[in-house]
Amino acid sequence: MHASNNFYNILSIRFYKVFASITTGLILTSLLVLTPIHNAKGEDFEVGQLEDPIVLIRPDLNNSGIKQNNDELIDKNVEDIIENTEDSNVLNIKTDLSEPVDLSITNQQDLVSEINIATLANVNPDAAGIRTGAKNKLIDNLWINSSYDMVNSLIPYIPDAVNSSMARLLAKKILISPGIAPKGVKSKGEFLRTRVLALAKMEEYELAIELLNSAASFEDPELLARLSLLQSFKEYNFPKSCAISKEWSTQTSEPFWKQTEIFCIALEGSIEAAIVSADLLQENGLEFDPFLNAFLDIMAGEENIEIRQIDEANIFQLAILKASGLKLPINITRTRKPGVLRAFIYSSDTPINIRLSFAEQAEDMGLVISEVVSDLYKSIEFTPEQL
């Protein structure tokens, strides 16, 4: 009896131990399996988090609240753009994006009208420049943080002619580059004018005119007229030259304009009036151009007039020489003046060997393209013996 009871007790104890082990294992297994499922459903256990969760849209916001927040964000971004723009009047951009934009063809004009280009009167002219293609431009804001006094002292050292086409191209790019002006510019448009005059010194009058016109907020009518006059002299377009001279010689007493007026008066056939004006100018102690003086002598009928020294002649003097009908002196062997080189290259009265020599020099300097040289070579007629 006692033996059977003891056996029963032993079995009961073993059964409960096994049952407890199995139950504990099942509970632990359930916890391991269910924990990631609960986490995936967004149900969290009482476990401390390292940081707050990222909430993209607050659950307490409805559709109108979301729209209001977006509008506030847009307004804030636009305000930041305006605050970081020097001239907020340049562009007036529609910022109300609550209405859909119709991009159909019929409404293209309405779409374009949403961007209103306002006045450019407040744009700094000293930051103006000529924008070229991405392959041809220098870095933006070339002059930023530089001293105007230093830049202004260096620009005059840019030569009017160099023996390298790449150096000339680089000099032109430097002068026409747009961007923030150097620090310390004393008057509006001063830096722009400095660059324009440097281009004029290089006899790049068309480029100088384009640069001057690129600044809508700056006007210098006299400088613009002077550049246009010199460009017309460069092209030997005397009707245009004299029209500009006649207009401006009455507005200023500057010797340059008075001498161009005298030239045009003589060119039109009023020789006596031109000589009287020239005498009055010289009586006032003003230096008179020797080329113009020789031209008046020729127009008055004097013979055996020669102009021998032209290696440093300017564009106006070369135009006078062209109008006088005098041949270019062939005693000159080399010059660095762009206008003089062109005068010889395109002069049919000059021996071909001199023209070729100057054409090759001008090509190296970037003053003419290679086709000009090749055309000169093609124009040479060879005898059968030479061939």
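Analysis parameters
- Residues numbered from 1 in each chain as written.
- Predicted model: local features only at pLDDT ≥ 70, side-chain atom pairs only at ≥ 80, totals over all residues.
- Heavy atoms only, no water.
- Helix = DSSP H or I, 4+ residues; strand = E, 2+ residues; numbered from the N terminus.
- Buried < 20%, exposed > 50% of the residue type's maximum accessible area, 1.4 Å probe, protein only.
- Contact = heavy atoms within 4.5 Å.
- Areas by Shrake-Rupley, 256 points an atom, 1.4 Å probe, with all protein chains shown as cover.
- Phe/Tyr/Trp six-rings, centres within 6.5 Å; stacked < 30°, edge-to-face > 60°.
- Salt bridge = Lys/Arg side-chain N within 4 Å of Asp/Glu carboxyl O.
- Axes fitted to C-alpha atoms, helices over the stretch in contact; angles between N-to-C directions.
- Parallel < 35°, antiparallel > 145°, perpendicular 65-115°, else oblique.
- Left-handed = near helix turned anticlockwise from the far one by under 90°.
- Core = buried A, V, L, I, M, F, W, Y, C linked by side-chain atoms within 4.5 Å.
- 1 Å grid on protein atoms, 1.4 Å probe; cavity = no way out; pocket = protein on both sides within 12 Å on 5 of 7 lines; lining within 4 Å.
- Points joined across faces, edges and corners; volume = space filled by probe spheres on them.
- Nonpolar A, V, L, I, M, F, W, Y, C, P; charged D, E, K, R; others polar.
- Disulfide = S-S within 2.5 Å.
- pLDDT = per-residue confidence, 0-100.
- Polar contact = N/O pair within 3.5 Å; in protein donor to acceptor, adjacent residues only side chain to side chain.

A separate point is the overall build of the protein chain. When its secondary structure is counted, the protein chain shows 16 helices and 2 strands. Buried residues in the protein chain amount to 33% of all 387 residues. For the protein chain, contacts bridging at least 24 residues in sequence account for 63% of all contacts bridging at least 6. Total accessible area computed for the protein chain in this model is approximately 25,500 Å², and 56% of it derives from carbon and sulfur atoms.

So, on to the packing of aromatic side chains. A complete count under the given rule lists 12 aromatic pairs for this structure. With 6.0 Å between their ring centres and 90° between their planes, tyrosine 148 and phenylalanine 191 make a pair best called edge-to-face. Remark: phenylalanine 191 occurs in helix H6 (residues 190-201) and tyrosine 148 occurs in helix H4 (residues 148-154); sequence separation between them is 43 residues.

To continue, consider the pattern of salt bridges. Summed over all chains, the structure comprises 9 salt bridges. In this structure, the salt-bridge partner of aspartate 149 is lysine 186, at a minimum N-O distance of 2.9 Å. Here aspartate 149 is found in helix H4, whereas its partner lysine 186 is found in the loop between helix H5 (165-176) and H6, with 37 residues between them in sequence. Here lysine 186 falls in the exposed class, since its relative accessible area comes to 61%. With a closest N to O distance of 3.8 Å, glutamate 204 and lysine 172 form a salt bridge. A residue pair is termed long-range when its members are at least 10 positions apart, and glutamate 204 in the loop between H6 and helix H7 (205-213) and lysine 172 in helix H5 qualify at 32 residues. For the pair glutamate 204 and lysine 172, one class covers both residues: buried.

Contact pair helix H10 (residues 255-267) / helix H12 (residues 290-299): the axes reach a minimum separation of 11 Å and the direction vectors enclose 15°. Comparing the axis directions of H10 and H12 gives the class roughly parallel. Relative to H12, H10 is oriented so that their crossing is left-handed. Taking contact as the criterion, the partners of Gln259, Ile262, Phe263, Ala266 and Leu267 in H10 are, on H12, Leu292, Phe295, Leu296 and Met299.

Within the largest apolar cluster, 82 residues are counted, with the highest numbers of intra-cluster contacts made by Leu227, Phe263 and Ile310. With 7 residues, H10 is the single largest residue contributor to this core. Excluding residues that lie within four positions of it along the chain, leucine 227 makes contacts with Val196, Ala200, Tyr205, Ala208, Ile209 and Leu212.

This part is about the layout of surface pockets. If you add up the space inside the second largest pocket, you get close to 440 Å³. Secondary structure elements with two or more residues in the lining of the second largest pocket: helix H8 (221-234), helix H13 (315-324) and helix H14 (338-345). Class assignment for the residues of the lining of the second largest pocket results in 10 nonpolar, 4 polar and 6 charged.

Our next topic: the state of the cysteines. Formally, a disulfide is one covalent bond, and it connects the sulfur atom of one cysteine to the sulfur atom of another. Overall, the coordinates contain 1 disulfide when judged by the stated rule. Linked covalently through their sulfurs, cysteine 242 and cysteine 264 form a disulfide whose S-S length is 2.3 Å. Given an S-S torsion of about -90°, the disulfide between cysteine 242 and cysteine 264 has left-handed geometry. Remark: cysteine 264 occurs in helix H10 and cysteine 242 occurs in helix H9 (residues 238-249); sequence separation between them is 22 residues. For the pair formed by cysteine 242 and cysteine 264, the shared burial category is buried.

What follows deals with the confidence of the model for the protein chain. Considering every residue of the protein chain, the mean pLDDT works out to 75; 66% of them sit at 70 or more. Averaged pLDDT values over the elements of the protein chain bottom out at 39 in strand S1 (residues 91-93) and peak at 96 in H8. For residues 1-8, every residue scores under 50 in pLDDT, and the model assigns this stretch 0 contacts once sequence neighbours within four places are set aside.

This part is about unusual backbone geometry. With a phi angle near 65°, asparagine 145 is a residue other than glycine that sits in the positive phi range. Looking at the secondary structure, you find asparagine 145 in the loop between strand S2 (115-117) and H4. Asparagine 145 sits in the exposed class, given a relative accessible area of 57%. A positive phi angle, close to 60°, is found at tyrosine 236, a residue other than glycine. Looking at the element boundaries, tyrosine 236 is found in the loop between H8 and H9. Take tyrosine 236: its relative accessible area is 32%, and that puts it in the partly exposed class.

Now for H13. Most of H13 sits inside the fold, with 8 of its 10 residues counted as buried. Of all the residues in H13, the buried ones are Ile315, Phe316, Gln317, Leu318, Ala319, Ile320, Leu321 and Ser324. Along its buried surface, H13 packs onto H7, H8, H9, H10, H12 and H14. The residue sitting at the N-terminus of H13 and contributing the capping side-chain oxygen is asparagine 314; that oxygen lies 3.1 Å from the backbone nitrogen of phenylalanine 316. Directly beyond the C-terminal end of H13, a positive phi value near 80° is found at glycine 325.

We now examine the side chain of serine 249. Inspection of the secondary structure assignment puts serine 249 in helix H9. On the basis of relative accessibility, which here comes to 2%, the residue serine 249 falls in the buried class.

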